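Structural characterization, general
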Amino acid sequence: MRTLLHRPRRLRRTPALRDLVRETTLTPNDFILPLFVSEKIKSRRAINSMPGVEQLAPNEIAAEAARAAESGLQAVLLFGIPNEKDEQASGAYADDGVVQKAVRAIKAARPDLLVITDVCLCEYMSHGHCGVVRRDGDHFHVLNDESVELLAKAALSHAAAGADLVAPSDMMDGRIGAIREALDRAGFDQTGIISYAAKFASAFYGPFREAAESPPQFGDRRTYQMDPANAAEALRETALDVAEGADIVMVKPAVAYLDILWRVHERFGLTTAAYHVSGEYAMVKAAAANGWLDERSAVLEIMTGIKRAGADLIVTYWARELAEWTRR
Ligand SMILES: [Zn+2]
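Residues numbered from 1 in each chain as written. Predicted model: local features only at pLDDT ≥ 70, side-chain atom pairs only at ≥ 80, totals over all residues. Heavy atoms only, no water.

1. Concerning the overall build of the protein
- Counting its secondary structure elements, the protein contains 11 helices and 12 strands.
- Computed over C-alpha atoms, the radius of gyration of the protein comes to 20 Å, within 12% of the 20 Å expected from 2.2 N^0.38 for 328 residues, which places it in the range of a compact globule.
- Referenced to the eigenvectors of the C-alpha coordinate spread, the extents of the protein come out at roughly 80 × 45 × 40 Å.
- Counting all 328 residues of the protein, 53% fall into the buried class.
- Sequence separation of at least 24 residues holds for 74% of the intrachain contacts in the protein that already meet a minimum separation of 6.
- Carbon and sulfur atoms make up 51% of the accessible area of the protein, which amounts to about 15300 Å² in all. (Helix = DSSP H or I, 4+ residues; strand = E, 2+ residues; numbered from the N terminus. Rg over C-alpha atoms; globule rule 2.2 N^0.38 Å. Buried < 20%, exposed > 50% of the residue type's maximum accessible area, 1.4 Å probe, protein only. Contact = heavy atoms within 4.5 Å. Areas by Shrake-Rupley, 256 points an atom, 1.4 Å probe, with all protein chains shown as cover.)

Rendered as structure tokens:
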């Protein structure tokens, strides 16, 4: 028999040893809970494709956010569904818009809970695209600079309502700089920006469209969201957002993009977030419902993988459960 000098199994022998040498640990502070508030409903409505996730009525949002805070979470990410949509996304930057009112309600109930707002136009546009559309016969164009102007107005109205951080998810060019400038000019120099720096045109967003009621009525989003095949481009996109003043950069989706997450984290050294998206959630929920996976262990393993790959923060529909599962 050979004598082995290195026996890695020595450090796996007991639970105490395994705890002692664990490199990646999850805590409730790692997670952000997305919440959907809709002006179109009077009370909560289940989202079929995302079991356990609901749209909330405006009068329910503050209590739901408070419940998140009580579970140990530090932050929620708000998405709004307005009563009316138009071609200028007026609801996105209305002072009494659905998100603006929800931010005020949450901040009145729980001033300590961080409120992050999704900044985009798709939920407020009658055509469902993330920017201003110009039609040209059979073709259509999503206009960049015109859209950025509206996005900056939306971000400013969220900051005025009390949002701690705004999170532009549209993928228009130059919007981080425009938003930073608009916020600073209005005296909101302490309002932070989480940029969706590398957001890919992903099949995994499917269930979200039911949640946010924002599918495009024509065409797709591939002229603004990124090609899933491109990694160097993701780094160029992130570099632009960092240069324009992003405080936190995000990669979306998470699990099929762990290499991007790792590179973004290593290259920029900024707080890095990952969005574990609706389709990634729905897959595990469906498998667990069939008894094919143990939900809790699968979710903890996925989240550990995302954090190990470089995420400091993870947006996930399991945030509330994770706060409970990772509390010590
Ligand atoms: Zn959008």
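2. Examining the side chain of His129
- Within the secondary structure layout, His129 lies in the loop between strand E5 (114-119) and strand E6 (132-136).
- From its side chain, His129 meets the backbone oxygen of Phe218 in a polar contact 2.7 Å long. (Polar contact = N/O pair within 3.5 Å; in protein donor to acceptor, adjacent residues only side chain to side chain.)

3. Quick word on empty space enclosed by the protein
- This structure, assessed with the given rule, holds 1 cavity of 30 Å³ or more.
- Approximately 130 Å³ is the volume attributed to the largest cavity.
- Contributing to the lining of the largest cavity are 15 residues, with Cys122, Lys199, Phe208, Arg221 and Lys252 lying nearest its centre.
- For the lining of the largest cavity, the class distribution of residues is 6 nonpolar, 3 polar and 6 charged. (1 Å grid on protein atoms, 1.4 Å probe; cavity = no way out; pocket = protein on both sides within 12 Å on 5 of 7 lines; lining within 4 Å. Points joined across faces, edges and corners; volume = space filled by probe spheres on them. Nonpolar A, V, L, I, M, F, W, Y, C, P; charged D, E, K, R; others polar.)

4. Here we look at a positive patch on the surface
- On the surface, a cluster of positive charge is contributed by Arg7, Arg9, Arg10 and Arg12.
- Under the relative-accessibility criterion, Arg12 is labelled exposed at 52%. (Patch = residues over 30% accessible without salt bridge, like charges linked within 9 Å, V, L, I, M, F, W, Y side chains within 5 Å. Salt bridge = Lys/Arg side-chain N within 4 Å of Asp/Glu carboxyl O. Lys, Arg positive; Asp, Glu negative; His and termini not counted. Charge placed at Lys NZ, Arg CZ, Asp CG, Glu CD.)

5. Quick look at the coordination of the zinc ion
- Summarising the metal site, the zinc ion is bound by the protein donors Cys120 (SG), Cys122 (SG) and Cys130 (SG), whose distances to it range over 2.2 to 2.3 Å.
- Look at where the donors of the zinc ion fall in the sequence and you get C-x1-C-x7-C. Cys122 shares its class with Cys120; the two are buried. (Donors = N, O, S within 2.8 Å, 3.2 Å for Na, K, Ca; no water.)

6. Observations regarding the nonpolar core
- Counting 107 residues, the largest nonpolar core has Phe36, Leu77, Leu78, Ile260, Tyr275 and Met303 as the members making the most contacts within it.
- Looking at which element gives the most residues to this core, the answer is helix H4 (residues 144-161), with 8 residues.
- With residues near it in sequence (within four places) discarded, Leu77 still touches Ile32, Leu33, Pro34, Leu35, Ile116, Thr117, Asp118, Ala167, Tyr196, Tyr275 and Val315. (Core = buried A, V, L, I, M, F, W, Y, C linked by side-chain atoms within 4.5 Å.)

7. Concerning a negative patch on the surface
- Residues Asp145, Glu146, Glu149 and Asp173 make up a contiguous surface patch of negative charge.
- With respect to the helices and strands, the residue Asp145 is situated in helix H4.
- The exposure class assigned to Asp145 is exposed, which follows from its relative accessible area of 55%.

8. Quick look at the packing of H4 against helix H5 (residues 175-185)
- Orientation of H4 relative to H5, taken along the N-to-C sense of each, is 45°, at an axis distance of 9 Å. As summarised for this structure, H4 and H5 are arranged oblique, according to the angle between their axes. In this structure, the crossing between H4 and H5 has a hand that is right-handed. The segment H4 lies against H5, with Val148, Leu151, Ala152, Ala155, Leu156 and Ala159 engaging Arg175, Ala178, Ile179, Ala182 and Leu183.
- Of the residues in the contact of H4 with H5, the class split is 10 nonpolar, no polar and 1 charged. (Axes fitted to C-alpha atoms, helices over the stretch in contact; angles between N-to-C directions. Parallel < 35°, antiparallel > 145°, perpendicular 65-115°, else oblique. Left-handed = near helix turned anticlockwise from the far one by under 90°.)

9. So, a nonpolar patch on the surface
- The grouping of Leu11, Leu20 and Val21 at the surface amounts to a nonpolar patch, some 300 Å² of accessible area in total.
- By secondary structure assignment, the location of Leu20 is in helix H1 (residues 15-21).
- What makes Leu20 exposed here is its relative accessible area of 69%.

10. Some thoughts on helix H2 (residues 61-70)
- Burial analysis of H2 places 7 of its 10 residues in the buried class, the great majority of the element.
- Of the positions making up H2, those classed as buried are Ile61, Ala62, Glu64, Ala65, Ala66, Ala68 and Ala69.
- Contacts made by the buried residues of H2 are with strand E1 (31-38), strand E3 (54-56), strand E4 (75-81), helix H3 (98-109) and helix H11 (319-326).
- Of the residues trailing H2, Gly72 is marked for its positive phi of about 110°.

11. Some thoughts on the packing of aromatic side chains
- Summed over the entire model, instances satisfying the criterion amount to 10 aromatic pairs.
- With 4.4 Å between their ring centres and 20° between their planes, Phe200 and Tyr257 make a pair best called stacked. Of this pair, Phe200 sits in the loop between strand E9 (192-199) and helix H6 (206-212) while Tyr257 is found in the loop between strand E10 (248-252) and helix H8 (258-268), placing the two residues 57 residues apart along the sequence. Neither residue differs from the other here; Phe200 and Tyr257 are each classed as buried.
- Their ring planes at 65° and their centres at 5.6 Å tell us that Tyr281 and Tyr317 sit as a pair that is edge-to-face. Separated by 36 residues along the polypeptide, Tyr281 in helix H9 (residues 278-289) and Tyr317 in the loop between strand E12 (313-315) and H11 bring together distant segments of the chain.
- Counting every residue linked through ring pairs, the aromatic cluster contains Phe36, Phe79, Tyr196, Phe208, Tyr275, Tyr281, Tyr317 and Trp318.
- Above the ring of Tyr205, the side-chain terminus of Lys199 is found at 5.8 Å from the ring centroid.
- Over the ring of Tyr275 we find Lys252; its NZ or CZ atom is 4.2 Å from the centre of that ring. (Phe/Tyr/Trp six-rings, centres within 6.5 Å; stacked < 30°, edge-to-face > 60°. Lys NZ or Arg CZ within 6 Å of the ring centre and 35° of its normal.)

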